[in-house]
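Chain by chain, the residues run as shown.
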Amino acid sequence: MTAAPDSPGQKAGLPTVVFVHGAFADSSSWNGVIANLKRRGYPAIAVANPLRDVQGDAAYVRSIVDSIDGPVVMVAHSYGGIVITEAADGAANVKALVYVASVSPDVGESVLDLVSKYPGSELGTSIKMVPFRLPDGSTSMEQYIDQDKFPAVFAADVDPDLAALMAVTQRPAAQSAQTGSVTKTAWKSIPSWTLISKQDKGIPPDLQRFMADRAGSTTVEVDGSHAVAVSQPGPVADFIDTAARATAG
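Bear in mind that the values here come from a model prediction, so they are computed numbers and not experimental data. Residue positions within a chain follow its written sequence, with the count starting from 1. For this predicted model, a pLDDT threshold of at least 70 governs which residues receive local features, and a threshold of 80 or more governs which side-chain atom pairs are given and counted, while totals over whole chains, interfaces and linings are taken from all residues. Side-chain numbers come from the whole structure's heavy atoms, not from hydrogens or water.

### Quick notes on the layout of surface pockets
Cavity means a closed set of points on a 1 Å grid over the protein atoms alone, one where a 1.4 Å probe fits but cannot get out, pocket means an open set with protein on both sides within 12 Å along at least 5 of 7 lines, and lining means a residue has an atom within 4 Å of a point. Grid points are joined across faces, edges and corners, and a volume is the space filled by probe spheres set on the points. Of the pockets and cavities examined, the largest pocket occupies roughly 350 Å³. Forming the boundary of the largest pocket are 21 residues, of which Val-111, Leu-112, Leu-123, Gln-143 and Gln-178 lie nearest the centre. Elements with a minimum of two residues in the lining of the largest pocket: α5 (111–115) and α8 (175–179). By volume, the second largest pocket is sized at about 220 Å³. Put simply, DSSP H or I for four residues or longer makes a helix, DSSP E for two residues or longer makes a strand, and each gets a number counted from the N terminus. Elements represented by at least two residues in the lining of the second largest pocket include exactly α2 (31–39), α7 (160–169) and α10 (228–231).

### Observations regarding empty space enclosed by the protein
Counting across every chain of the model gives one cavity of 30 Å³ or more. Taken as a whole, the largest cavity spans an internal volume of roughly 50 Å³. Lining the largest cavity, in full, are Ser-29, Trp-30, His-77, Phe-154, Met-166, Ala-227, Ala-229 and Val-230. Residues are grouped as follows: nonpolar covers Ala, Val, Leu, Ile, Met, Phe, Trp, Tyr, Cys and Pro; charged covers Asp, Glu, Lys and Arg; every other residue, Gly included, is treated as polar. A per-class count over the lining of the largest cavity returns six nonpolar, two polar and no charged.

### Looking at the nonpolar core
We call a set of buried Ala, Val, Leu, Ile, Met, Phe, Trp, Tyr and Cys residues a nonpolar core when their side-chain atoms join them within 4.5 Å. Note on classification: 1.4 Å probe, protein chains only; a residue is buried when its accessible area is under 20% of the maximum for its type, exposed when over 50%, partly exposed between these limits. Counting 52 residues, the largest nonpolar core has Met-74, Tyr-79, Val-94, Leu-97 and Phe-154 as the members making the most contacts within it. With five residues, helix α3 (residues 54–66) is the largest single contributor of residues to this core.

### Examining the pairing of strand β9 (residues 218–222)
For two strands to be treated as a pair, DSSP must find at least two bridges joining them. In this sheet, β9 lies alongside strand β8 (residues 192–197) in parallel orientation, the contact comprising five bridges. Within β9, the position partnered with Leu-195 by the bridge is Val-220. After leaving β8, the chain enters helix α9 (residues 205–215) and then returns to the sheet as β9, a path that is right-handed. The handedness rule is simple: strands pointing away from the viewer, and a clockwise path from the first strand over the helix to the second, make the crossover right-handed.

### Re the UniProt feature "domain: AB hydrolase-1" (unreviewed entry) in the chain
UniProt positions are given in the numbering used here, feature names are shortened, and annotations may be inferred rather than shown by experiment. Using the residue numbers shown here, the UniProt feature "domain: AB hydrolase-1" (unreviewed entry) corresponds to residues 17–238. Measuring from the first to the last C-alpha atom of residues 17–238 gives 13 Å, for a span that is 34% helix and 23% strand.

### Observations regarding α2
Those residues of α2 not exposed but buried are Val-33, Ile-34, Asn-36 and Leu-37. Buried residues of α2 fall within an arc of 160° about the axis and therefore sit on the same side. Contacts are assigned to residue pairs with any non-hydrogen atoms lying within 4.5 Å of each other. Along its buried surface, α2 packs onto β1 (16–20), β2 (44–47), α10 and α11 (233–246). Phi turns positive one or two residues past the end of α2, at Gly-41, with a value near 100°. It is the directions from the helix axis to the C-beta atoms whose arc is reported.

### Considering the sheet that holds strand β4 (residues 94–102)
Here six strands make up an open sheet; going across it, the order is β2-β1-β3-β4-β8-β9 and the pairing parallel. A strand with exactly one partner marks an edge of an open sheet, and here the two such strands are β2 and β9. Strand-to-strand twist of the sheet, defined as the mean angle between neighbouring strand axes without regard to direction, takes the value 15°. Axes, fitted as lines to C-alpha atoms, cover a helix only where it is in contact. Angles between the N-to-C directions of the axes lie from 0 to 180 degrees. Packed on one face of the sheet, α3 meets β1, β2, β3 (72–78) and β4 and runs near 165° to β2. Each of β1, β3, β4, β8 and β9 is contacted by α11, which is oriented at about 165° to β8, the strand it contacts most.

If you want it as structure tokens, here you go:
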């Protein structure tokens, strides 16, 4: 998983950007941002976040970070924020955390805890619960956004045909991922940047502002939906580039 030693990014001293998607999305949601950053010479890895439970997901992501030679900038969307907050703690090569329409929890907080702090999220009325079988034979639940509601709730500013396709290909999250809390808080020791999506119907903008202020995060606000990385990859890439350059050296 280590970036190739002769990659343009490494020659230029640029960090590897590690992308972590959230619930109801997959790694392809970062495609536009990655293409933009690759043109600038950045090495990049988009992790397939398991979306099963906070500690397990964080351990998986951390194993990828630990395999990378050189500095890393971690970028998260939505639930991915809780994962990088846990995973990056104590990782000496992680130089910056970038939260994009994301949560940035404190110890003991879950996604469910945070989203209930402020009004404006429409996820609660859009979720379908589907049972699935665990290896031990017991049954748990995972969450999807109703496909008919997905474009308006998740991707209101995305091309309608693409938003409909995203609804079909969405990755479900286990209910335990949404109710699990962090035990570590990387943003207390690693500089953070927060991109706030002002038309977000998944994570309310006021909640994003609260978390960014609490973390002492450098912020920018973009007039976008929860899927702002899909609809506006240029501004998202610019923001990541800013964070990377601010922590270089």
